[in-house]
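Summary of the model geometry
Listed below, chain by chain, are the residues.
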Amino acid sequence: MDWVIWLIWIVKGFFLAMFLLVGFAYLTWYERRALARIQVRVGPNRAGPFGLLQPIADAVKLIFKEELTPAKAYKIVFFLAPIITMVPSIIIAAVIPWGPQEPQVKLFGYTISLYVADINVGVLYLMSIASIAVYGIVLAGWSSNSKYAMLGGLRSTAQMISYEITLGLAFVTVILLAGSMRMLDIVEAQRSWWFVVIQPVGAAVFLIAVLAEVNRAPFDMPEAEQELTAGYHAEYSGMKFALFFMAEYQKMIVVSAIAATVFFGGYLGPFVHRWPLLGPIYMLIKIIILLFGMIWVRATWPRVRYDRLMAFGWKVMLPLALAIVFITGFGILLAQELGDPIYLTVIPAASIVAGVIAVIMVNRALTRKRILSYEPR
Amino acid sequence: MTISQIIFLVVAGFTLASALMVVTTRNLIHAALFLVATLFGVAVVYAILQAGFLAVVQVVIYIGAIAILFIFAVMLTRRDMRDRGPQMNRMQWIGALLALLIFIGLSFLLSSWDGYSAVAQEMPADFDTMGRLGEALVSPDAYLLPFEVASVLLLAALVGAVYVAYTRR
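Residue positions are counted from 1 within each chain, in the order its sequence is given. As they are written, the chains are lettered A onward and the ligands numbered 1 onward, keeping that order. Reporting in this predicted model follows two pLDDT cut-offs: at least 70 for local features of residues, and 80 or more for side-chain atom pairs to be given and counted; totals over whole chains, interfaces and linings ignore these cut-offs and use all residues. Water and hydrogen atoms play no part in the side-chain values, which are based on all heavy atoms of the structure.

Moving on to the overall build of chain A. A tally of regular secondary structure across chain A gives 13 helices and two strands. Taking 2.2 N^0.38 as the reference for a compact globule, 377 residues should give roughly 21 Å; the C-alpha atoms of chain A span a radius of gyration of 22 Å, in line with that estimate. When its C-alpha atoms are laid out on the principal axes, chain A stretches across 65 × 65 × 45 Å. Partly exposed describes any residue whose relative accessible area lies between the buried limit of under 20% and the exposed limit of over 50%, with all areas from a 1.4 Å probe on protein chains only and scaled to the type maximum. Counting the 377 residues in chain A, one finds 52% classified as buried. Residues count as neighbours in contact if any of their non-hydrogen atoms are within 4.5 Å of one another. A separation of at least 24 residues holds for 79% of the contacts in chain A among residues at least 6 apart in sequence. Computed with a 1.4 Å probe, the accessible areas rest on the Shrake-Rupley method; for each residue, only the protein chains presented here act as cover. Just so you have it, chain A exposes about 18,400 Å², and 72% of that area is on carbon and sulfur atoms. Segments assigned H or I by DSSP are reported as helices when at least four residues long, segments assigned E as strands when at least two residues long, and all are numbered from the N terminus. For the radius of gyration, the atom set is restricted to C-alpha positions; the globular benchmark scales as 2.2 Å times the number of residues to the power 0.38.

Right under this line is the structure:
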């Protein structure tokens, strides 16, 4: 019966990949409709009921577009870069749990676990795949052999590397609170309180860093048309461009799933431990709400200037994340030493104070002129 | 041969081949990419050895941070990506001989070590490798001193980098 287990794995992996691919198509529709609603427009509503066939029409259009390869591009790398961007955005989803381990889900007499992979270094796996994702951008920018693409690629890479540190520290708070790096343990540790309640500033830092990490507004440097035409994918067209686009939206879905898992209780919800198949439904609801948050941010905030983006990353987010890690560790130690979990309330209180201090500092720096901006000599 | 042996041989061959390509290819970006492939191969070897933590850390630090820094530096500093100089110098045969001697010496030493032929035991499912590692890093009778010394060294490097990069206004 060994081959059945392999089959279950393959089917689950296939299902997850398909979920992300279809999710990408309908996320574009969701985003356009939601943006339109916020901006008092109608949005795509012609193809099919509510414009539901619009993503399919877009896909057909992109397939029939001409694929240009610049004459002086480095062909192999130019061809590989969209793939290298695309693959991490799918495989990163492998460790996300979609339902509880107990009680088990049975199907045709086989136990089906509601995750693809359960590794004991789940959080680190997420970090490592996120760090591989940078390669697609840097290689796309370089191989196009164009100044705009090159500068755009370097800029986005610098941005992603900078915010990766903050992201890692936000993960550290979660690891400290859960006492484990396994995603399942992290979710189960949130059965009494979601981590967003214990560490609200950590969740905020995480969500901001994630926006920068997937290059979404207001940190969407690669799409700054006014400055560098388009950034690293300026020379790409047709399906290759569609792959970059796809990777971005899949990353949005995946990071929403990760945020839901580490801060918003994952698959937890009422009755999930009686009917485990409710888990994926709760996950989906949380993902859709978080995705709406991302779209809302895009509709509301203007793009941050690049030097301010870097200054914000290094001078605000990083110290704040370090302070939060310290506060979390301190609170846990206090609760352990004094033997009463009531002392864990030190964590939200102190971290909100730290967050308020950070906001006040940013406000002062912005109202006082020429402090966050780089002064050319 | 078992499946794991076949996987190991494939991965080891891949790692060695890409390591060779790092030093023989003339395009600097290609060399950097082959270096990434080599490091990835090493990570897979860690994973085969049931050291999942090391494998993932290898990817995060070496591929995600160090190799990307190499690529950055190459892209920012070089206009021409091709290295045109000779790839060998006069000492090539002596170098090859020394490398061969070191290889023979190492193999000799390792073959006399009794862990060389031992078969790895299956780890129990609830064996907490990371917890053990973490405790070993901060316990005084294990690796506390090297750990702290390494962090002081890194701090010194950090301060040095800031000093070098800082220009007085």
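So, about the packing of helix α5 (residues 147–178) of chain A against helix α8 (residues 200–213) of chain A. When two helices pack together, their arrangement is given by the angle between their axes and by how far apart the axes lie. All names here are of chain A. For the pair α5 and α8, interaxial distance at closest approach is 9 Å and the crossing angle is 155°. As judged from the angle between their axes, α5 and α8 are roughly antiparallel. Of the two elements, α5 crosses α8, and the hand of that crossing is left-handed. Contacts between α5 and α8 pair Q159, M160, Y163, E164, T166, L167, A170 and F171 from the former with G202, V205, F206, A209, V210, A212 and E213 from the latter. Axis angles are defined between N-to-C directions and span 0 to 180 degrees, where every axis is a line fitted to C-alpha atoms and, for a helix, only to the segment in contact. Convention used here: angles under 35 degrees read as roughly parallel, angles over 145 as roughly antiparallel, angles from 65 to 115 as roughly perpendicular, and any remaining angle as oblique. Crossing handedness is read from the near helix: turned anticlockwise from the far helix by less than a right angle, it gives a left-handed crossing, and turned clockwise, a right-handed one.

Attention now goes to the nonpolar core. Here the nonpolar core consists of buried residues drawn from Ala, Val, Leu, Ile, Met, Phe, Trp, Tyr and Cys, with membership extended through side-chain atoms lying within 4.5 Å. Counting residues in each nonpolar core, the largest one holds 114 residues, and the members touching the most others are A:F171 and A:F206. The next biggest cluster of nonpolar side chains, apart from the first, holds five residues, and it includes A:V121, A:L124, B:V56 and B:M130.

On the chain B side, the residues contacting the 22 residues of chain A number 24 residues. Here, a salt bridge means any Lys or Arg side-chain nitrogen found within 4 Å of an Asp or Glu carboxyl oxygen. Applying the counting criterion to the chain A and chain B interface returns zero salt bridges. N or O atoms within 3.5 Å of each other form a polar contact, as long as, within protein, one can give a hydrogen and the other can take it, and as long as residues adjacent in sequence are counted only when both atoms are side-chain atoms. In this structure, the connection of chain A to chain B is made through two residue pairs in polar contact (both at pLDDT 80 or more). Those elements that provide at least two residues to the side of chain A that touches chain B are α4 (122–143) and α5 of chain A. Take the side of chain A that touches chain B: its biggest share by element is eleven residues, from α4(A).

Attention now goes to helix α3 (residues 52–77) of chain B. Expected span, for any helix, means 1.5 Å times one less than how many residues it has. Helix length check: α3(B), at 26 residues, gives a terminal C-alpha distance of 36 Å against a target of 38 Å (1.5 Å per residue), a fit within 8%. Buried-residue contacts for α3(B) involve α4 and α5 of chain A together with α2 (28–48) of chain B.

Right, let's talk about unusual backbone geometry for a bit. Even without being a glycine, A:N215 presents a positive backbone phi close to 55°. You can see A:N215 is positioned in the loop between α8 and α9 (225–228).

It is worth spelling out the pattern of salt bridges at this point. Two side chains bearing opposite charge may form a pair once their charged atoms approach each other closely. Residues and elements named next belong to chain A. Throughout the structure, instances matching the rule amount to seven salt bridges over all chains. Measuring nitrogen to oxygen at the nearest pair gives 3.6 Å for the salt bridge that ties R216 to E248. Taken together, the positions of R216 in the loop between α8 and α9 and E248 in helix α10 (residues 238–263) put the pair 32 residues apart, joining distant regions of the chain. A residue is classified by how much of its surface remains accessible, and R216, at 2% relative accessible area, is buried. One salt bridge connects D307 with R305, and the closest N-O pair in it is separated by 2.9 Å. Assessed through its relative accessible area of 43%, R305 is described here as partly exposed. Counted as one network, the salt bridges with shared partners bring together E31, R216, E248 and R298.

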